[in-house]
Amino acid sequence: MGAAMRRIHVGNALSAFGLGFTVPYLYVYVAQVRGLGSMTAGLVLAVFAVAALIVLPFAGRAIVRRGPLPVLLIALVTAALGALSLGLSASAATVLLSAAALGAGQAVMQPALATMIVDCSTTETRSRAFATQFFLQNLGLGVGGLIGGHLVDTTSASSFTLLFAIEAAMFLVLVAVMATVRAPRAPHVEAVPGRGAGGSWKQLLGNRAMVQLCVLGFVLFFACYGQFESGLSAYGVEAAGITTSALGTALAANTLMIVVAQFAVLKFVERRKRSRVIAAVGLIWAVAWAVAGYAGLGHGSQTMATAAFISTYALFGLGEAMLSPTLAPLVADLAPTGLAGQYNSAFALVKQLALAIGPAVGGPLGASLHAPYIVAFLLFSLGITVLAVRLGRQLTDVQNQPSLARSRVVTQGRAPADAVAAAEA
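Residues numbered from 1 in each chain as written. Predicted model: local features only at pLDDT ≥ 70, side-chain atom pairs only at ≥ 80, totals over all residues. Heavy atoms only, no water.

Asker: Hey, could you run me through the packing of aromatic side chains in this one?
Answerer: One pair of aromatic rings is described through two measures. These are the centre distance and the angle between the planes. Taken as a whole and judged by the stated rule, the model has 16 aromatic pairs. Where tyrosine 29 meets phenylalanine 164, the ring centres are 5.0 Å apart and the plane angle is 50°; that geometry is what we call tilted. One end of the pair, tyrosine 29, is in helix 2 (residues 26-33); the other, phenylalanine 164, is in helix 7 (residues 157-178), and 135 residues separate them in sequence. Take tyrosine 29 and phenylalanine 164: they sit in the same class, and that class is buried. Grouped by ring-pair contacts, the aromatic residues Phe218, Phe222, Tyr235, Trp285, Trp289, Phe316, Tyr373, Phe377 and Phe380 constitute a single cluster. Its guanidinium or amino end placed over the ring of tyrosine 225, lysine 351 lies 5.9 Å from that ring's centre, counting from NZ or CZ. (Phe/Tyr/Trp six-rings, centres within 6.5 Å; stacked < 30°, edge-to-face > 60°. Helix = DSSP H or I, 4+ residues; strand = E, 2+ residues; numbered from the N terminus. Buried < 20%, exposed > 50% of the residue type's maximum accessible area, 1.4 Å probe, protein only. Lys NZ or Arg CZ within 6 Å of the ring centre and 35° of its normal.)

Following this line, the structure appears as structure tokens:
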């Protein structure tokens with residue numbers, strides 16, 4: 001790991017640490033502390049998604065033209081201003097505008113950081129680099145949320161102002177850290193007459209493997225991340241009788257599984273075909289939904305239901321640990337030279353779309369139609385396996401299993417010696 005990659009990972013952890021201070025308490029802050037009601041709080045959460053959907057199509061083109069670092073620095077400053085303004089806002093209008101700035105900045109950070117990781121890594125080291133990023137993100141979110149929970153006081157708006165100020169400070173510290181990064185110069189794509197932003201999107205949509213990966217990514221994020229704090233938690237409370245403390249334990253079990261299993265899983269993933277790894281995640285998540293079904297529909301003891309529900313979140317964490325060194329490196333390997341930023345932004349756009357639709361569909365379904373909810377998302381998980389197998393047919397051998405590139409180099413290096421030995425014999 002070079003100096004540039006170390007700084008990127010440190011910055012990644014700092015941004016996640018800052019987000020952890022505020023994300024779990026945003027709804028309570030807007031609805032109760034500022035007294036703006038549940039409707040405004042819901043609109044704030046929606047604004048995050050809408051802001052991301054608006055800026056991401058332009059972010060990819062900006063990263064390709066200007067490079068990921070300038071785009072990242074602008075995004076960080078925007079997010080810092082949004083966070084600080086949100087902590088000081090008292091009216092619905094200023095809260096929504098602040099949330100839009102914070103959401104837009106956060107959204108652009110993702111593809112910019114991912115492109116910097118691509119530029120600072122090789123095909124052989126990319127899986128480990130993205131696994132480290134995911135590990136540090138979850139560790140930062142968990143630690144930030146834990147500390148923020150001890151600082152926050154729902155009777156005092158100033159305590160929330162402090163949380164948002166800390167978040168803004170983390171973004172600005174990240175600006176200082178990232179400004180020192182000297183990343184390798186990415187290959188420049190010469191302008192082609194008649195090919196503007198629309199042409200690059202047309203080229204992306206013409207890549208069948210990338211299109212299939214985006215469809216698969218949408219289902220992945222819709223069926224997992226889009227349900228964590230909406231449909232699945234509503235189902236746990238309404239169907240399984242899970243307490244809020246047990247729900248917090250389940251979320252902690254998810255983070256703990258990722259932190260503990262990430263690098264052990266990485267060794268397994270690096271030796272397997274990526275399509276098969278994703279297919280295995282679909283099966284693991286199908287088991288997770290079946291266990292959730294037992295928690296709410298099995299009519300067992302409350303203790304068993306709680307244990308099953310916590311196990312569901314832990315199984316989701318195992319699947320996430322398998323995906324982190326698989327999905328992002330695959331997006332990078334599918335991108336033509338110089339267009340990694342465009343492809344990373346497109347995949348981030350798909351993720352945000354799934355995260356916007358997932359709660360809207362899963363929340364009401366999980367709260368009221370318990371059995372259909374479990375069956376539907378169990379089928380979505382099996383659909384992930386089917387889509388992953390189909391994607392594997394569109395990938396080259398090296399795209400599907402990068403370790404083959406190393407083995408082929410070794411084989412080619414030995415070939416002349418083998419030929420000489422055969423000739424001498």
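Asker: Would you take a moment to explain the pattern of salt bridges for this structure?
Answerer: When the charged atoms of two side chains with opposite charge come close together, those side chains can pair. Going through the model one piece at a time under the given rule, you end up with three salt bridges. The partner of glutamate 270 in a salt bridge is arginine 128, with the nearest N and O atoms 3.5 Å apart. Here arginine 128 lies in helix 6 (residues 126-151) and glutamate 270 lies in the loop between helix 12 (244-269) and helix 13 (274-297), a separation of 142 residues in the sequence. Among the ionic pairs, aspartate 333 bridges to arginine 274, the shortest N-O distance being 2.8 Å. Of this pair, aspartate 333 sits in helix 15 (residues 327-334) while arginine 274 sits in helix 13, placing them 59 residues apart in sequence. We note that aspartate 333, like arginine 274, is buried. (Salt bridge = Lys/Arg side-chain N within 4 Å of Asp/Glu carboxyl O.)

Asker: Which parts of the structure should I look at to understand the side chain of serine 381?
Answerer: Along the polypeptide, serine 381 turns up in helix 17 (residues 370-392). A distance of 3.0 Å separates a polar atom in the side chain of serine 381 from the backbone oxygen of phenylalanine 377. Once you skip the residues sitting within four places of it in the chain, serine 381 turns out to touch Gly282, Trp285, Ala286 and Trp289. (Polar contact = N/O pair within 3.5 Å; in protein donor to acceptor, adjacent residues only side chain to side chain. Contact = heavy atoms within 4.5 Å.)

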